[in-house]
Amino acid sequence: MKRVNLFAWIIFILGIIYFFLPLFSTFEFSLRMKKGVYSFEAYRVAFQDPKFYYNFGYSVLWAVLTILFSLILVVPTAYWVHWRLPKARPIVEFITLMPFVTPAVVLTFGLIRLYGSPPLVLTSTPIPLIAGYIVLSLPYMFRSVDAGLRAIDIRTLTEAALSLGAGWGTIITQVIFPNIRVAILSGVFLTFAIVMGEFVFASLLSWPAFATYLEEIGSMRAYTPQALSLMSFFITWSMMMLIQWLGRGAGRAEEIAVGH
Amino acid sequence: MAFLEINNVSKYFGKTTAVKDFDLKVEKGELVSFLGPSGCGKTTTLRMVAGFEVPSEGQIIIDGKDMTFTPPNQRPVGMVFQAYALFPNMTVAGNIGFGLKIAKKPKEEIEQRVKEMLELIHMPGFENRYPHQLSGGQQQRVALARALAMHPEVLLLDEPLSALDAKIRVSLRAEIRAIQQELGITTIYVTHDQEEALSISDRVVVMNNARIEQVGTPFQIYNFPQTEFVAQFVGTLNAVLAEIVDVKDGLLRFDGQQVHTADKLEGYRNGDRIMVAIRPERLSFAHEGRKANILTGTIKNITFLGSIVRIQVKLGESVFYMDTFNNPYLTLPNIGDPTEITCSKEAVLVLQQQPA
């Protein structure tokens, strides 16, 4: 038994080293901006650059817009598939997997062709960018919402609300949304993390974003990009931790009390 | 005019017939149960009354108004589901007051109605509990209160007790009946449990294969089943194919036994074969008092079922069940003993069947 535990620990430690060593090295390197001493100079420089705020702000804006339109698209679609079109589920699932089989570059040029041709020329607007991000986040957003909908009895809850006189707006906002809140938040945080780190769409469609800024300064400076990379990691991890934390809360809420 | 009319309603799902020619009039304040096996169309019929399904043919009229195509959220019906269907994100008060909130009732009125409903279901003080903090029985009582809070004209209950354990089922069904009678609300109750249907209904609609088999009071359904299906489905039954010996005299023969029936054999001829049935409780040992019919056989098995003792008697090729009340001083025969059992002419029921 002890041997098995030891072996497991060795594998675990190797995994930790494999994962954290590059991060630690990046962190250590980011502290070496001042010769001979460790300092947070690289971080100070990064935070003093107005371009950082400009690009970071844009990425947040894209993320918020992507989340908003993803929710408007995905929640009613997933709900309707559960409620009325369960047979359509494999088709919808297949569509949501498209970003995994279509390279981002191909997708971008597809979007440029679609939105750059008459009658609707939208390439000067961020619509193709947001559309691309929505497609990119679709597998995560759909699956999160889908898992949430599977966990509750959509059909009966909907019928119960209908029998009490509720309309579709009320059912979606007061019955469905609150009961899949955790699942929706998982999708939201995943989408946020994806959009904050996305490079190809923003670069090819020429819109400011955190990832393109990172690439730009990476070619000019040595230490600041390392600091920004770690910040990017930090954002993603924060989102993952939030999902974990919310998921634990949901688990507790599902415990059923009996007796009385 | 009846309060709820289901006029010749049929429902088809593609090539499948879920309900066929369902015709029923329900009076105000009446509790009618739809009883039948799974897939017989009882829930589909209920869902058509609720508005969740649109009939392929026929009409649904509530209080004189044609509701056939009215959306469910505009019908004056309240519904209780098998799976409780309480909104997990809302408290008990939130659930009960949901419909009233939708109807934009004043806050004070909602609070007052929630309080009244909680008293009605004997759960005062539970306002701030969440559904996951309640037992199954409590959740279903809250679901009932939620459906009643809107003062619906028709209450629909779709197997409301199926998910509960036996003891709670019995107490809650009595509670449902008491509340229904207190409020005088027209109610449709779907169940596959015959005991449940017989114990709480004013009338029972027995369904099979998408059609109504028989409509009647619980007494009529149990004692005078009109079809073989009703006889077999409701209660335990000894059914046997018998040959008519004498139409005029009501004399029948099966497995070398001869019995008389009080039922008329109109439309049949001597030599026709018909299905007859005798309830186990209508049979008794002949030595305790001989009746019109005497059947001879041997004791095959004896089973104690608490308040009654069920005795299996082999009559030729057939095996009949006979029920007798249990008491500590009961003298029972041994397995394999020859015996004579008896029943009246009225106990021999002729089930509806085309003459052979």
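Computed from a predicted structure; not experimentally measured.

Let's talk about the overall build of chain A
Per the secondary structure count, chain A includes 13 helices and zero strands. Computing the positive centroid from 18 side-chain charges and the negative centroid from 12, chain A places the two 4 Å apart.

Section: the pattern of salt bridges
Residue and element names in this part refer to chain A. According to the stated counting rule, one finds 21 salt bridges over all chains in the structure shown. Among the ionic pairs, R89 bridges to D146, the shortest N-O distance being 3.3 Å. Here R89, found in helix α4 (residues 89–96), pairs with D146, found in helix α7 (residues 127–151); they are 57 residues apart in sequence, far enough to count as distant. Of the charged contacts, one joins D146 and R150 as a salt bridge, the two residues approaching to 3.0 Å between their closest N and O atoms. Here D146 and its partner R150 are both found in helix α7, four residues apart, which amounts to about one turn of the helix.

Structural notes on the interface of chain A and chain B
In this assembly, 25 residues from chain A lie in contact with 27 residues from chain B. Where chain A abuts chain B, roughly 2200 Å² becomes buried across the two surfaces, and 61% of that area is made up of carbon and sulfur atoms. Linking chain A to chain B there are one salt bridge. A salt bridge links A:E159 to B:R47; its shortest N-O distance comes to 2.5 Å. Of all elements in the fold, only α8 (154–163) and α9 (168–179) of chain A reach the threshold of two or more residues within the side of chain A that touches chain B. Counted by class, the side of chain A that touches chain B contains eleven nonpolar, nine polar and five charged residues.

Section: the confidence of the model for chain B
In the predicted model, chain B carries a mean pLDDT of 92, and the fraction of residues at 70 or more is 99%. Model confidence for the complex: the whole-complex pTM is 0.78, and ipTM, which rates the interface, is 0.82.

Some thoughts on the packing of helix α3 (residues 50–83) of chain A against α8(A)
Residues and elements named next belong to chain A. Where α3 contacts α8, the two axes come as close as 9 Å, and the packing angle between them is 95°. Taken as axis vectors, α3 and α8 run roughly perpendicular relative to one another. Along its contact with α3, which presents Y79, H82 and W83, the element α8 presents I154, R155, T158, E159 and L162. Residue classes in the contact of α3 with α8 are distributed as four nonpolar, two polar and two charged.

Things to note about the nonpolar core
Membership of the largest hydrophobic core comes to 89 residues, with the highest contact counts inside it found for A:V145, A:I180, B:L4, B:F34, B:F87 and B:L156. Top contributing element to this core by residue count: α7(A), with eleven residues. Other than its neighbours up to four places away in sequence, A:V145 contacts A:V74, A:V75, A:A78, A:I180, A:A183 and A:I184.

Structural notes on the side chain of B:R75
Residues and elements named next belong to chain B. Positionally, R75 belongs in the loop between β5 (65–66) and β6 (77–80). It is D66 that comes nearest to the buried, bridge-free R75 among opposite-charge side chains, at 7.4 Å. With residues near it in sequence (within four places) discarded, R75 still touches M48, V49, A50, G51, I60, M67, T68, F69 and T70.

Overview of α3(A)
In this model, α3(A) (34 residues) spans 49 Å end to end at C-alpha, consistent with the 50 Å of a helix rising 1.5 Å per residue. Along α3(A), the helix axis deviates most sharply at A:L71, where the bend reaches about 25°.

What to know about unusual backbone geometry
Here the bond from A:P118 into A:P119 is cis, since omega is 10°, no more than 30 degrees from zero. Within the fold, A:P119 resides in the loop between α6 (104–115) and α7. One non-glycine residue, A:S206, adopts positive backbone phi at about 55°. Taking relative accessible area as the criterion, A:S206 reaches 61% and is therefore assigned exposed. In the Ramachandran plot, B:A210 falls in the positive-phi region, its phi being about 75° despite a non-glycine side chain. Position of B:A210 relative to the elements: it lies in the loop between β9 (203–208) and β10 (211–216). A relative accessible area of 4% places B:A210 in the buried class.

Cut-offs used in this document
- Residues numbered from 1 in each chain as written.
- Chains lettered and ligands numbered in written order.
- Predicted model: local features only at pLDDT ≥ 70, side-chain atom pairs only at ≥ 80, totals over all residues.
- Heavy atoms only, no water.
- Helix = DSSP H or I, 4+ residues; strand = E, 2+ residues; numbered from the N terminus.
- Lys, Arg positive; Asp, Glu negative; His and termini not counted.
- Charge placed at Lys NZ, Arg CZ, Asp CG, Glu CD.
- Salt bridge = Lys/Arg side-chain N within 4 Å of Asp/Glu carboxyl O.
- Contact = heavy atoms within 4.5 Å.
- Buried area = accessible area lost by both parts, 1.4 Å probe.
- Nonpolar A, V, L, I, M, F, W, Y, C, P; charged D, E, K, R; others polar.
- pLDDT = per-residue confidence, 0-100.
- Axes fitted to C-alpha atoms, helices over the stretch in contact; angles between N-to-C directions.
- Parallel < 35°, antiparallel > 145°, perpendicular 65-115°, else oblique.
- Core = buried A, V, L, I, M, F, W, Y, C linked by side-chain atoms within 4.5 Å.
- Buried < 20%, exposed > 50% of the residue type's maximum accessible area, 1.4 Å probe, protein only.
- Expected span 1.5 Å × (residues − 1).
- Bend = angle between axes of the 7 residues up to and from the residue.

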